[in-house]
Amino acid sequence: MSLLTIALLFLAGFMSGAINAVAGGGTFISFGALSLIGVAPISANATSSIAQLPGYFTSTLPYLKDIRRIWRGLILLGIVSIVGSTLGALLLLWLDNDQFAAAVPWLLLGATALFAAGPWLKPKPRYQSDAAQGRSLASPVMQFITSIYGGFFGAGMGIMMLATLGLTESGDYHRLNAIKNVLANVIAIVAIVVFVSGGVVNWLGALAMIPGVALGGYSGVWIAKRVPQIAVRVFVIAIGLFLAGYYFVTG
């Protein structure tokens, strides 16, 4: 891997971290950069998952106070997330690169559409006391499905999870976002363990991206104050459509 390639991956990591901090969708950048430098699709997906993990951690920190208060209610959702993410990651490793490459453009189109619809999928605030908050069977079932997708591919997972939690969980937006961030960490960590065990991670690519992701996530606050979120969202959608087209042509 040349110094120029490492520099480009660092820049892609920075952009993905910053975009995740502002509007979400940074996975499009990290996965796309790895794909465009010739990393095989399965390896690009696994490596992108590792590169994004620091961002999942840092996005959870502001919610630690809320998480300490609700952690007991997350146990069941955490368990189904572990099982679902394991199945999704194993499904990915079961495919070969040609099979996954054939599915990638459709996955990217779906994830891009989900990302574009994100502002309309955010749950409406429902202010209730914790004592009044309940959970139906639909909540773990929907989380299980979302975690399979997260372990398999992951782009747009956060938006999907926030939307399903808004339908199946009680509480205001911040409580739902705290739950989403915890479960995103669980799904990512489990998938990464499977990917590392399967030997599909491009470690040079991951190491080049991780510092960029960390710096980009930190800089996201500064960017959010100066760049309209709609501009970032349009940019991410354009990247998603470009990558889908790229895989339709090359796959």
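All of these numbers come straight from a predicted model, not from anything done at the bench.

A. Layout of the packing of aromatic side chains. In this structure the tally under the stated criterion is seven aromatic pairs. Ring centres of F100 and F152 lie 5.6 Å apart, and the angle between their planes is 85°; on these two criteria the pair is classed as edge-to-face. Here F100, found in helix α6 (residues 97-116), pairs with F152, found in helix α8 (residues 138-152); they are 52 residues apart in sequence, far enough to count as distant. The residues F100 and F152 share a single accessibility class, namely buried. Arranged with centres 6.4 Å apart and planes meeting at 75°, the rings of Y149 and F153 form a pair that is edge-to-face. For the pair shown, Y149 and F153 are each scored as buried. One aromatic cluster is present, formed by F31, F100, Y149, F152, F153, Y246 and Y247 through successive ring pairs.

B. Looking closely at a nonpolar patch on the surface. A cluster of nonpolar side chains, W71, I75, I79, I82, V83 and L87, forms an exposed patch at the surface whose accessible area comes to about 530 Å². Of note, V83 is situated in helix α5 (residues 75-94). Accessibility expressed as a relative area gives 42% for V83, which makes it partly exposed.

C. Molecular detail of α8. In a regular helix each residue adds 1.5 Å, so 15 residues correspond to 21 Å; α8 covers 21 Å between its end C-alpha atoms and thus fits that length. Listed in full, the buried residues belonging to α8 are S139, P140, Q143, T146, S147, Y149, G150, G151 and F152.

D. Region of the structure containing α6. End to end, α6 covers 28 Å across 20 residues, agreeing with the expected 28 Å (1.5 Å per residue, within 8%). The sharpest bend along α6 comes to roughly 35°, located at V104, with the proline P105 sitting one to four residues further on. The complete set of buried residues in α6 reads F100, A101, V104, P105, L107, L108, A111, T112, L114 and F115. For α6, the side-chain oxygen to backbone nitrogen distance between the N-cap and D98 is 3.2 Å, and the N-cap itself is D96.

E. Molecular detail of the confidence of the model for the protein chain. Of all residues in the protein chain, 87% have pLDDT values of 70 or greater, and the mean over the chain is 83. The weakest mean pLDDT in the protein chain belongs to helix α7 (residues 118-121) at 67; the strongest belongs to α5 at 95.

F. A look at the packing of helix α2 (residues 26-36) against helix α3 (residues 41-60). Between α2 and α3, the least distance of the axes is 9 Å, while the angle of their chain directions is 135°. The orientation of α2 relative to α3 falls into the category oblique. Judged by the twist between their axes, the crossing of α2 over α3 is right-handed. Between α2 and α3, the residues in contact are G26, T27, S30, F31, L34 and S35 and P41, A44, N45, T47, S48 and Q52, respectively. Class assignment of the residues belonging to the contact of α2 with α3 gives a composition of four nonpolar, eight polar and no charged.

G. Examining the packing of α3 against α6 more closely. Contact geometry of α3 with α6 gives a least axis separation of 8 Å together with a crossing angle of 70°. On the basis of the axis angle, α3 is roughly perpendicular to α6. Contacts between α3 and α6 involve P41, I42 and N45 from the first element and N97, F100 and A101 from the second. Taken together, the residues of the contact of α3 with α6 break down into four nonpolar, two polar and no charged.

Each value, and the rule that gives it
- Residues numbered from 1 in each chain as written.
- Predicted model: local features only at pLDDT ≥ 70, side-chain atom pairs only at ≥ 80, totals over all residues.
- Heavy atoms only, no water.
- Phe/Tyr/Trp six-rings, centres within 6.5 Å; stacked < 30°, edge-to-face > 60°.
- Helix = DSSP H or I, 4+ residues; strand = E, 2+ residues; numbered from the N terminus.
- Buried < 20%, exposed > 50% of the residue type's maximum accessible area, 1.4 Å probe, protein only.
- Patch = residues over 30% accessible without salt bridge, like charges linked within 9 Å, V, L, I, M, F, W, Y side chains within 5 Å.
- Areas by Shrake-Rupley, 256 points an atom, 1.4 Å probe, with all protein chains shown as cover.
- Salt bridge = Lys/Arg side-chain N within 4 Å of Asp/Glu carboxyl O.
- Expected span 1.5 Å × (residues − 1).
- Bend = angle between axes of the 7 residues up to and from the residue.
- Polar contact = N/O pair within 3.5 Å; in protein donor to acceptor, adjacent residues only side chain to side chain.
- pLDDT = per-residue confidence, 0-100.
- Axes fitted to C-alpha atoms, helices over the stretch in contact; angles between N-to-C directions.
- Parallel < 35°, antiparallel > 145°, perpendicular 65-115°, else oblique.
- Left-handed = near helix turned anticlockwise from the far one by under 90°.
- Contact = heavy atoms within 4.5 Å.
- Nonpolar A, V, L, I, M, F, W, Y, C, P; charged D, E, K, R; others polar.

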